[in-house]
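# Remarks on the overall topology
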Amino acid sequence: MTLRLASLSLLGATLLAGTAMADSTPGLQHRDMSLALANQLVDATLDACHSDDRTAVVAVLDRGGNLVALQRDDNIGPHNTLAAQRKAYTSISTKSTSRKMAEIAQNDASSANLTTIDELLLLGGGVPVRVEDEVIGAIGVAGGGGSAVDEGCAMQALENVLPNQKQ
């Protein structure tokens, strides 16, 4: 009986030690795109486009490529909604602007196959969202009147909403 109690006590102590060790080791910690931040980015992006008399569709994705917020101005072609999402997806997947990925695919023969991946859209307008050098999501803009305009609206929004972050 004493041996049995000693064995149970040892087993209990081992389980508790394992639990204590598991609790003391840090897990993955990262920042995430909140709905509130995504909505701020959408509003700021549309404001940037509107200040230049442009209309657009804006999509904001989280770090996993999931759609968090989307807004479309009136009179925007329906294809632009998917284009904005795919530009953002390209950006979050590569942690780069979609414009830069387009340049890489065009200028590097070994990267030309990027154009064959259906989910990627290699046009300007997708920009990663960084907080303290950590990519937490991406903005995609389409329908603003060209990829340079689309990217410009997203960049201006990031400067307004996250002014001290290097994008």
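As a starting point, this report considers the structure included with it. (Residues numbered from 1 in each chain as written. Predicted model: local features only at pLDDT ≥ 70, side-chain atom pairs only at ≥ 80, totals over all residues. Heavy atoms only, no water.)

## Some thoughts on the environment of Ser 34
Relative to the assigned elements, Ser 34 resides in the loop between helix 1 (2-24) and helix 2 (35-51). The partly exposed category is assigned to Ser 34, whose relative accessible area is 33%. Considered as a pair, Ser 34 and Ala 69 are 35 residues apart in the sequence and their alpha carbons are 9.7 Å apart. (Helix = DSSP H or I, 4+ residues; strand = E, 2+ residues; numbered from the N terminus. Buried < 20%, exposed > 50% of the residue type's maximum accessible area, 1.4 Å probe, protein only.)

## A word on the packing of helix 2 against helix 5 (residues 147-161)
Two numbers describe how helix 2 lies on helix 5: the axes approach to 8 Å, and their chain directions differ by 125°. By the angle between their axes, helix 2 is oblique relative to helix 5. The hand of the helix 2/helix 5 crossing is right-handed. Counted together, Leu 37, Gln 40, Leu 41, Ala 44, Thr 45, Ala 48, Cys 49 and Ser 51 of helix 2 and Cys 153, Ala 154, Gln 156, Ala 157, Leu 158 and Val 161 of helix 5 form the full contact between these two elements. The class makeup of the residues in the contact of helix 2 with helix 5 is 10 nonpolar, four polar and no charged. (Axes fitted to C-alpha atoms, helices over the stretch in contact; angles between N-to-C directions. Parallel < 35°, antiparallel > 145°, perpendicular 65-115°, else oblique. Left-handed = near helix turned anticlockwise from the far one by under 90°. Contact = heavy atoms within 4.5 Å. Nonpolar A, V, L, I, M, F, W, Y, C, P; charged D, E, K, R; others polar.)

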